[in-house]
Amino acid sequence: MNNEKLKLISEEGIRIDGRRLEELRPLKIEIGVLDKSDGSAYVELGKTKIFAAVFGPREVHPKHLALPDRAILNCRYHMTSFSVDERKPLGMTRREIELSKVIREALESVVFLEEFPRTSIDVYIEVIQADGGTRTAGLTAASLALAEAGIPMADLVAAVAVGKVEGHLVLDLCDIEDKYGEADMPIAMTPRLNSIVLLQLNGRLTKEEFRKALELAKKGIMEIYQKQKDTLRKKYSEASLMEV
Amino acid sequence: MPLYFSEREIVLPGQLLSDDSKRSGEGTYVLGGKVYASTVGFATIKNDKVCVIPFKGAYNPQPGDKVIGIVIDVKPNGFEVSLGRHLTATIRIPDKKEVQALNLKIGEVIYAFVKESGLRGVFLETGERIKKITSGLLVSMHPSKIPRLIGRRGSMINMIKKETGCDMLVGRNGFIVIKGPSPTNEFAAVSAIKLIEKEAHSQGLTERVENLIRSILAGGAENE
Amino acid sequence: MSISQIKKSLTARIVQEKIYNLLMQGKRLDGRSPTDIRPINIVTGLVEKADGSALVSMGGTKILVGIKTEVGSPYSDRPKEGSFTVNAELLPLASISFEPGPPDERGVELARVVDRSIRESKCIDLEKLCLIEGEKAYILFIDIYVLDYDGNYYDPSTIAVLAALATARIPSYEVINGKVQKTGEYFNLQLQSLPFTVTFGIIKEKFLVDPQIEEESALDVSLIIGVDEKDNIVSIQKNSPGLIPESLLEQMIETASEKSKFIRQKFCEALNIRK
């Protein structure tokens, strides 16, 4: 890195990767990419690349952890060692543990766990390349994997990170914007119910900035939600009209 | 009732289906007086209720279902049988002599009927209703695709049996036992099952399955 | 402490019998012959942040490998050489029988067996990875992730490691005033050898190559043999309990040699390598 201060947003409001302030990175979604799980999805948001897989409902091991009236939702958010600039050693870091928790709580908010007592639903998110917004892209992928697995839920979950960079509110922070910006706020919603299932803030925002950032996030979320729905519909579009 | 979907439309979780909260069936949920889809599937009206038939869903045993299971535990008062995935069923036999007479061992495969299924668990009928399967090829497919394997009034499964010359026992829980005159015939049946699992929702499937079986039997497709 | 694996995937006895009966007739569940390997697919460079990466599938088994480079001190007894370490993780994504948690003994074994194949065949020229003799050298971190498990993660893991190494662009470093920094240029690793492993499954006195997951639960024992392009055996690992009939060894070594050649050919074709 040279000594000049890196300019993340130009005079004309163009970001370091050529995007406008309210522009999402290119989004690619594939469903059913892994065979052994009950449901799976692959999401690319710019250079961020993530797999998600769901197993369940299945038996709980050890048995004594099972709940009598509902399923347990387990979630593991994990990054490969080569997904980041500096190699990450194997094993779970504290960040991965925290993110596993908030993602699990987001999904628990929408999955109808009471339909499968004494079972577990296991969600695995594997980040193979991290360029910002991994927990939100991971959640977007996990929601699709749950849908493919046929796990009943209230709505799909779509998520994105908004933030503040050089005084401007921006949508979908990439890694460098997250590192050198003033605020990073990941948000996940169930758009149909207009409810928030994940919300965190790392940084500082005025109340007005928070309101505007939320509006910006909602726009991004609706775009992602539409893509999720289009991809799901396309996958099943050949469905024949036979007696099921 | 006012509906927001067309018959057999593909719906997604969270999609609004109707305003009549009193008529919500499987695959849906009620919120604020409205009915929404809870899984990906076909929306339809069944027994005057709005339902979503999921493309994939966990198997929920119903009394009378025919299932195939693997014995996983032997107890003084019965047996435990795995029906695959998260399901373990129980055969409850209070009479110790009867338990011994049935003589089921761990790893043994049985064909049985579901007696009851509820909060207390899944129970299988005992006595003569249990058939031991001592030979054959055991394969599994996702239980939600079994209806497609059977087909309308058995059309698909009967075609496969006829074309491959194999005996096939199908468990509603996704386990299938195949017994055929030769390994190639059995392989043809397994390949048919795999194709149906992969393409359960596409058009013209019956014809494609038939063609696949014929090409395997003709010695053509050795590698699938 | 190593504990017997709990059979998570249930085996019905009739399945074991069936697989053996088929094998007696030279056939397998998926129509392959006993020595056929499933279709291999290699994609490289998927992870740009890695210095080298490869996603390999062998049938339904999918392996992702990434390489990261750091600069550190060489080993005191090998001052003119760089080094590499291999790690592996059996991701819970991949199978109902992989659980999250610290590296399972199977993952550690996978890493060490692949490591030995690469090391004994002198695949990587470690002297080229020296920066300053006795002081600074390149360290390659080769990390294997099993993404989808349909039987036999050894052979596609070896292929993925070699594909990642063969297509790696290692950032070059220099030392200026005692500080190690990137020059902004990259270099390729010229692999000196391409050792591929071949995994065998044995039932009674018959063996098969590249077991698929349904076959694995019916096997008595399994064995992995690594062979390089000069037909040297560069690694062997019996990786399950069970008895290997001595009479089968000669045949398996011959088959390993033959299959390793086959995989090497597919590998070179896929990566456009003349070897």
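Residues numbered from 1 in each chain as written. Chains lettered and ligands numbered in written order. Predicted model: local features only at pLDDT ≥ 70, side-chain atom pairs only at ≥ 80, totals over all residues.

Asker: Which residues make up the overall build of chain B, and what values do they have?
Answerer: Scanning chain B for helices and strands turns up five helices and 15 strands. Reported as C-alpha extents along the three principal axes, the dimensions of chain B are approximately 55 × 55 × 25 Å. Counting contacts in chain B only where the partners sit at least 6 residues apart, residues at least 24 apart contribute 50% of the total. (Helix = DSSP H or I, 4+ residues; strand = E, 2+ residues; numbered from the N terminus. Contact = placed C-beta atoms within 7 Å.)

Asker: With reference to specific residues and values, describe the overall build of chain A.
Answerer: From N to C terminus, chain A includes four helices and 10 strands. Along its sequence from the N terminus, chain A presents helices and strands in the succession β-β-β-β-α-β-α-β-β-α-β-β-β-α. The C-alpha atoms of chain A give 19 Å as radius of gyration, which agrees with the globular expectation for 244 residues (18 Å, within 12%). Each of the three principal axes of chain A carries a C-alpha extent, and together these read 60 × 45 × 35 Å. Counting only residues that meet the buried cut, chain A has 52% of its 244 residues in that class. Across chain A, the fraction of contacts at a sequence separation of at least 24, relative to all contacts at a separation of at least 6, is 69%. (Rg over C-alpha atoms; globule rule 2.2 N^0.38 Å. Buried ≥ 20, exposed ≤ 12 C-beta atoms within 10 Å, placed from the backbone.)

Asker: Break down the pairing of strand E4 (residues 34-37) of chain B for me, citing the residues and quoting the values.
Answerer: Residues and elements named next belong to chain B. Looking at chain direction, strand E2 (residues 16-18) and E4 are connected through two bridges and run antiparallel. The residue bridging Leu 16 from the neighbouring strand is Tyr 36, located in E4. The sheet contact formed by strand E3 (residues 28-31) and E4 spans four bridges and is antiparallel. Paired with Val 30 across the bridge in E4 is Val 35. Two successive antiparallel strands, E3 and E4, enclose a turn made up of two residues, where Gly 32 displays a positive phi of approximately 55 degrees. (Pairing = 2+ DSSP bridges.)

Asker: Lay out the sheet that holds strand E13 (residues 137-140) of chain B in plain terms, naming residues and giving numbers.
Answerer: Residues and elements named next belong to chain B. The strand order across the open sheet formed by three strands is E13-E15-E14, and the pairing between neighbours is antiparallel. This sheet does not close on itself; its edge strands, each paired only once, are E13 and strand E14 (167-170). The average undirected angle you get between the axes of adjacent strands in this sheet is 20 degrees. In terms of strand pairing, E13 meets strand E15 (residues 175-179) through four bridges, oriented antiparallel. (Axes fitted to C-alpha atoms, helices over the stretch in contact; angles between N-to-C directions.)

Asker: Account for the confidence of the model for chain B, with residues named and values stated.
Answerer: Residue and element names in this part refer to chain B. With 97% of its residues at a pLDDT of at least 70, chain B reaches an overall mean of 88. Long-range and interchain partners of residues 220-224, a stretch whose pLDDT sits below 50, account for eight contacts in this model, where long-range means more than four residues apart. Overall fold confidence (pTM) sits at 0.89, and the ipTM for the predicted complex is 0.89. (pLDDT = per-residue confidence, 0-100.)

Asker: Kindly report on the sheet that holds strand E5 (residues 119-129) of chain A, identifying the contributing residues and their values.
Answerer: Residues and elements named next belong to chain A. Spatially, E1-E2-E3-E5-E4 is the arrangement adopted by the five strands of the open sheet, whose pairing is mixed. At either end of the open sheet lies a strand with only one pairing partner, and these are strand E1 (27-31) and strand E4 (72-79). Taken over all neighbouring pairs, the strand axes of this sheet differ in orientation by 15 degrees on average, direction set aside. Here five bridges tie E1 to strand E2 (residues 39-45), and the two strands are oriented antiparallel to one another. Paired with Lys 28 across the strands is Glu 44, a residue of E2. Against the sheet, helix H1 (residues 94-108) touches E4 and E5, its axis set at about 140 degrees to E4. Here helix H2 (residues 134-148) sits on the sheet in contact with E1, E2, strand E3 (48-59), E4 and E5, set at roughly 150 degrees to E2.

Asker: Any chance you could break down the confidence of the model for chain A for me, citing the residues and the numbers?
Answerer: Residue and element names in this part refer to chain A. Looking at chain A as a whole, its pLDDT mean stands at 92, while 95% of the residues score no less than 70. Per-element confidence in chain A is highest for H2, whose mean pLDDT is 98, and lowest for strand E10 (residues 202-203), whose mean pLDDT is 92. In the model, residues 240-244 has pLDDT below 50 throughout and makes nine contacts with residues more than four positions away in sequence or in other chains.

Asker: Provide a residue-level description of the interface of chain A and chain B, including the pertinent values.
Answerer: Contact with chain A, which involves 28 residues of that partner, is made by 24 residues of chain B. Elements represented by at least two residues in the side of chain A that touches chain B include exactly E3, H2 and helix H4 (207-236) of chain A. The biggest single contributor to the side of chain A that touches chain B is H4(A), with four residues. Residue composition of the side of chain A that touches chain B, by class: 15 nonpolar, four polar and nine charged. (Nonpolar A, V, L, I, M, F, W, Y, C, P; charged D, E, K, R; others polar.)

Asker: Describe unusual backbone geometry, with residues and values.
Answerer: The peptide bond linking Gly56(A) to Pro57(A) adopts the cis configuration, its omega dihedral lying at 0 degrees. Notably, Asp231(C) is not glycine yet its phi reads approximately 70 degrees, a positive angle. Mapping Asp231(C) onto the fold places it in the loop between strand E11 (221-227) and strand E12 (233-238).

Asker: Would you mind going over H1(A) in detail, with residue names and values included?
Answerer: Structurally, the α-helix is built with 3.6 residues per turn, so residues lying three or four positions apart point the same way. All names here are of chain A. The end-to-end C-alpha distance of H1, which contains 15 residues, comes to 21 Å, matching closely the 21 Å that a straight helix rising 1.5 Å per residue would cover. Those residues of H1 not exposed but buried are Leu 99, Ser 100, Ile 103, Ala 106 and Leu 107. Taken end-on, H1 shows its buried residues confined to a sector of 130 degrees, consistent with a single buried face. Residues of H1 that are exposed and point over 90 degrees away from its buried face: Arg 94, Ile 97 and Lys 101. Buried residues belonging to H1 abut E4, E5, H2, strand E8 (183-190) and strand E9 (195-199). (Expected span 1.5 Å × (residues − 1). Arc of directions from axis to C-beta.)

Asker: Could you give an account of the domain arrangement of chain B, with specific residues and numbers?
Answerer: Split by domain assignment, chain B resolves into domain 1 (9-54), domain 2 (66-133) and domain 3 (137-217). Placing a centre on the C-alpha atoms of domain 1 of chain B and another on those of domain 2 of chain B gives a separation of 35 Å. (Domains from an automatic or database assignment.)

Asker: How would you explain the packing of helix H4 (residues 183-199) of chain B against helix H5 (residues 205-217) of chain B if you had to name every residue and give the values?
Answerer: Residues and elements named next belong to chain B. One can describe the packing of H4 onto H5 by two numbers: an axis separation of 9 Å at closest approach and a directional angle of 155 degrees. The orientation of H4 with respect to H5, classified from their angle, is roughly antiparallel. Judged by the twist between their axes, the crossing of H4 over H5 is right-handed. Facing H4, whose interface residues are Thr 184, Asn 185, Phe 187, Ala 188, Ser 191, Ala 192, Leu 195, Ile 196 and Glu 199, H5 presents Leu 205, Arg 208, Val 209, Leu 212, Ile 213, Ile 216 and Leu 217. Here the residues of the contact of H4 with H5 are counted per class, giving 11 nonpolar, three polar and two charged. (Parallel < 35°, antiparallel > 145°, perpendicular 65-115°, else oblique. Left-handed = near helix turned anticlockwise from the far one by under 90°.)

Asker: An account of the pairing of strand E3 (residues 61-72) of chain C is needed here, citing residue identities and associated values.
Answerer: Residues and elements named next belong to chain C. When you tally the buried positions in E3, you get nine out of 12 residues, the bulk of the element. Where strand E2 (residues 52-58) lies against E3, seven bridges are found, and the strand directions are antiparallel. Note on E3: the bridge partner recorded for Ser 53 is Gly 66. Where E2 folds back on E3, the antiparallel hairpin that results is connected by two residues, among which Gly 59 adopts a positive phi of roughly 60 degrees. Two strands pair when backbone bridges link them, and E3 and strand E6 (residues 136-148) are joined in this way by 11 bridges, in the antiparallel orientation. In the strand pairing of E6, Leu 64 is matched with Tyr 145.

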